[in-house]
Amino acid sequence: MIAEILIPISLFLAIFGIIYLYLSTRNKERLALIEKGIDASIFMGRDKSSTSFSKIILLNLALLLMGIGIGVFIALLLSTYTSLNESALYPATIFTMAGAALFIGFTMTKKLDQQ
């Protein structure tokens, strides 16, 4: 009974602790650089034309989820119309289509960075 309560609480505390340490360390590093007189432009991106990190993550995440959906759909079609083993068919098609989607996302990201 206690384990059912302690597990979510400890998970929340671990996530909070990691985020707190990341933000406080980043703040201390920035304050130390400012005290040394280093230009604040290093906190900005490389340049304005550079593709933002969030766009790249969203693009790859969207393509990954579409690849997983297409993999499930293809596995369903193959299991319905063929006599292949379902226990091997679903993971194989899901991972194959997810990998293909991530490869497409990688090539699209390279094109975005070149523009």
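Located above this text is the structure these notes cover.
The structure reproduced in this document is the subject of the present report. The structure displayed is predicted, hence computed values, not measured ones.

### Describing the packing of aromatic side chains
For any pair of aromatic rings, the description consists of the separation of the ring centres together with the inter-plane angle of the planes. By the definition in use, this model includes 2 aromatic pairs. Centroid distance phenylalanine 12 to phenylalanine 16: 6.5 Å. Interplanar angle 20 degrees. Geometry classified as stacked. Taken as a pair, phenylalanine 12 and phenylalanine 16 lie in helix H1 (residues 2-35) at a separation of 4 residues, close to a single helical turn. The exposure class assigned to phenylalanine 12 is exposed, which follows from its relative accessible area of 56%. Ring geometry for phenylalanine 16 against tyrosine 20: centres 6.4 Å apart, planes inclined by 20 degrees, an arrangement best described as stacked. Here tyrosine 20 and phenylalanine 16 lie together in helix H1, a separation of 4 residues that amounts to about one turn. Among the residues examined, tyrosine 20 registers a relative accessible area of 54% and is labelled exposed. Among the aromatic side chains, those forming a connected cluster through ring pairs are Phe12, Phe16 and Tyr20.

### Things to note about the environment of isoleucine 56
Along the chain, isoleucine 56 falls in helix H2 (residues 53-81). On a C-alpha basis, the gap between isoleucine 56 and methionine 108 in space is 9.1 Å, while along the polypeptide they are 52 residues apart.

Procedures and definitions
Residues numbered from 1 in each chain as written. Predicted model: local features only at pLDDT ≥ 70, side-chain atom pairs only at ≥ 80, totals over all residues. Heavy atoms only, no water. Phe/Tyr/Trp six-rings, centres within 6.5 Å; stacked < 30°, edge-to-face > 60°. Helix = DSSP H or I, 4+ residues; strand = E, 2+ residues; numbered from the N terminus. Buried < 20%, exposed > 50% of the residue type's maximum accessible area, 1.4 Å probe, protein only.

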